[in-house]
Amino acid sequence: MQFIRIVGLSIFLTALFLFISLLFVSDYTLTKEIFETKVKVEHQERLLPQFEKIFDKNYSTTFAFANEIKNTVENVNAEARAQQQWDKVIYDDYVGSLTKASTQGIIVDHSLLLFLLIFVGGTVGALLFIFPKISLEKPGIKHNNIFHHALNNRGWIGILLGTLLILFYILLYFYDAYVTNWIILVEPLKKLINPTGDSSQWFLYGFLYTFAVIVMGIRMLIKYRHSNYQMVNYQMVRTGSVMFFQLAIAFLLPEILVRLNQPYFDFKNMWPLDYDFFDAWHINMLTASGGSVGLFMFVWGITLFVIGVPVFVYFFGKRWYCSWVCGCGGLAETAGDSFRQLSDKSLKAWKIERWLIHAVLIFAVVMTGAVLYNFMTGTNSIFGIDTYTYLRKPYGFFVGAIFSGVVGTGFYPLMGNRVWCRFGCPLAAYLGFVQRFKSRFRITTNGGQCISCGNCSTYCEMGIDVRWYAQRGQNIVRSSCVGCGVCSSVCPRGVLNLEVKEEDGRFGNPILIGNNGITLQQ
Ligand code: SF4
Ligand code: SF4
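Residues numbered from 1 in each chain as written. Chains lettered and ligands numbered in written order. Predicted model: local features only at pLDDT ≥ 70, side-chain atom pairs only at ≥ 80, totals over all residues. Heavy atoms only, no water.

(A) How the structure looks around the site of ligand 1. In the neighbourhood of ligand 1, the contacting residues comprise Ile443, Cys460, Met462, Ile464, Val466, Cys481, Val482, Gly483, Cys484, Gly485 and Cys487. At a threshold of 2 Å from the grid points, most atoms of ligand 1 map onto the largest cavity. Looking at the shell around ligand 1 residue by residue, the classes come out as 9 nonpolar, 2 polar and no charged. (Near = heavy atom within 4 Å. 1 Å grid on protein atoms, 1.4 Å probe; cavity = no way out; pocket = protein on both sides within 12 Å on 5 of 7 lines; lining within 4 Å. Sits in = over half its atoms within 2 Å of the grid points. Nonpolar A, V, L, I, M, F, W, Y, C, P; charged D, E, K, R; others polar.)

Take a look at the structure:
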């Protein structure tokens, strides 16, 4: 069985190596035909004299080609700026579209074959590595040697993986032309779902994200298969749930909607996590050009955070979203499961968490309020402040790209799998408010049974010191708890239970001091 695992790992690493090396295999030639097809007619006259110099020239790397395109447009813009012809400045980004259209070589000729080799081969390899564990290990949730492994405890593998993830996000968000070969690689799948559509960096991202959730979700199902709680395997059901929501609702449904000439819409995403929901272009897309379906989407989006959040959190706790539905939570719970023990449990981290996450929520509310004000009044500023330059753009850059993407996922192997959910997600802050003050959810603790082993605190991805509560026999009603239930699953004494009961009794119950209970002063 170990041999099969080694073979599986080798296949997976080969597929990964092939995937990364694809970035360097194409060459690029811009022709006049491509220029005329991809560049807007109103820009062609201004750009043509400069672009003529690079027509039919061959570039051997995407970096050289993309930089040439960027510099060429920049030269034209610099001239316009020097002459103060502001209306002549071109803001359209042609780098990505021209790079994709000018790509030549194996990736264009054999994209389907390479897609199958990498993703089918990678899946087979991963499953060959994961499945034999079933017969190799005794029943139970295994975390053996986790703090001695270079992947799980910030060793060299973890640092390497974190670096690769951070690089991937930087390329994806800010230099998408450099990953053109990967965008072309997923083109066959895009055409299968929507024959008239073209793959983009966001389709690539959505696919890789879903791929990770599904493959690592299978690993999660196997790892927690013995975690029975009241006759139900909570971990398996909720893992199945995040896999379903990511694949069907977040990835496939929006693509199918576009194929049916409807607006692109993720029905499970909501403001303030979906921070461009109230952007003018988005409201217009849904209400003006989206027809009755678009209008329904707009109303659905508002209903979800105005009514859905308070009602569902009241009955089920924040977990209904963070651990069952959300894409960020889905990735954290599947691909990020190996890093949950890296969350910081210190009081200092808790303090930083509260300041940071609530600051992001306030930023999101202020930014959205300003954007909506502009939309309704037809202006661009509020109190003399340019909304896009000083609010919307910084939010998109710092929170939307850097915090949620680069840090939120890239730092999995360094700071744990819920960095974004714990420190940055404004929706988590909102859900947490409701969970803390108006919910039936709590984790009850049978303190007399606790042996203070600390498993629960160790594997709490939100950095909650669960043992501290367990030792005192105190309910856990922390706003940050995402209800993943892993603390309960790994407890060897059955101390912890995720429960929904009457609101009374969540706070102020007697706590344990030694063998005697005392009543908390209200
Ligand atoms: S306290 Fe338990 S259920 Fe809540 S986030 Fe931590 S491990 Fe998950
Ligand atoms: S895992 Fe269970 S026994 Fe161990 S410290 Fe936590 S509550 Fe106590």
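(B) A look at the site of ligand 2. Of all residues adjacent to ligand 2, which total 14 residues, the nearest are Cys450, Cys453, Gly454, Cys456 and Cys491. Going through the elements one at a time, α23 (455-458) and α24 (466-472) are the ones with two or more residues in the shell around ligand 2. Tallied by class, residues from the shell around ligand 2 come to 9 nonpolar, 3 polar and 2 charged. (Helix = DSSP H or I, 4+ residues; strand = E, 2+ residues; numbered from the N terminus.)

(C) Region of interest: the pairing of strand β6 (residues 441-445). With 5 of 5 residues buried, β6 is to be regarded as a mostly interior element. A two-sided burial pattern is seen for β6, the buried positions comprising Phe441, Ile443 and Thr445 on one face and Arg442 and Thr444 on the other. (Buried < 20%, exposed > 50% of the residue type's maximum accessible area, 1.4 Å probe, protein only.)

(D) A look at the side chain of arginine 219. By the secondary structure assignment, arginine 219 is in helix α12 (residues 201-223). Taking the relative accessible area as the measure of exposure, arginine 219 reaches 18% and is therefore buried. Not counting the four nearest positions on each side in its chain, arginine 219 is found in contact with Ile130, Thr334, Asp337 and Ser338. (Contact = heavy atoms within 4.5 Å.)

(E) View of the domain arrangement of the protein. Assigned domains within the protein: domain 1 (27-103), domain 2 (150-280 + 308-439) and domain 3 (440-503). Averaged C-alpha coordinates put domain 1 and domain 2 at centres separated by 34 Å. Carbon and sulfur atoms make up 57% of the area that domain 1 and domain 2 hide from each other, which totals about 770 Å². Linking domain 1 to domain 2 there are 1 salt bridge. Where lysine 100 meets glutamate 187, a salt bridge forms, and the shortest distance between an N and an O atom there is 2.8 Å. Across the contact surface, domain 1 and domain 2 share 5 residue pairs in polar contact (both at pLDDT 80 or more). Contributions of two or more residues to the side of domain 1 that touches domain 2 are made by α4 (62-82) and α5 (95-102). Taken together, the residues of the side of domain 1 that touches domain 2 sort by class into 4 nonpolar, 5 polar and 1 charged. (Domains from an automatic or database assignment. Buried area = accessible area lost by both parts, 1.4 Å probe. Salt bridge = Lys/Arg side-chain N within 4 Å of Asp/Glu carboxyl O. Polar contact = N/O pair within 3.5 Å; in protein donor to acceptor, adjacent residues only side chain to side chain.)

(F) Summary view of the sheet that holds strand β2 (residues 58-59). In space, the 3 strands of this open sheet follow the order β2-β1-β3, with antiparallel pairing throughout. Whereas interior strands pair on both sides, the edge strands pair on one side only; in this sheet they are β2 and β3 (103-104). Sheet topology note: the strand β1 (residues 27-29)/β2 ladder contains 2 bridges and is antiparallel. Looking across to β2, one finds that tyrosine 28 is bridged to tyrosine 59. (Pairing = 2+ DSSP bridges.)

(G) Structural view of the environment of aspartate 27. Its place among the elements puts aspartate 27 in strand β1. When the C-alpha atoms of aspartate 27 and alanine 64 are compared, they prove to be 10.0 Å apart, with 37 residues separating the residues in sequence. Apart from residues lying up to four places away in sequence, aspartate 27 is in contact with Asn58, Tyr59, Ser60, Ser102, Thr103 and Gln104.

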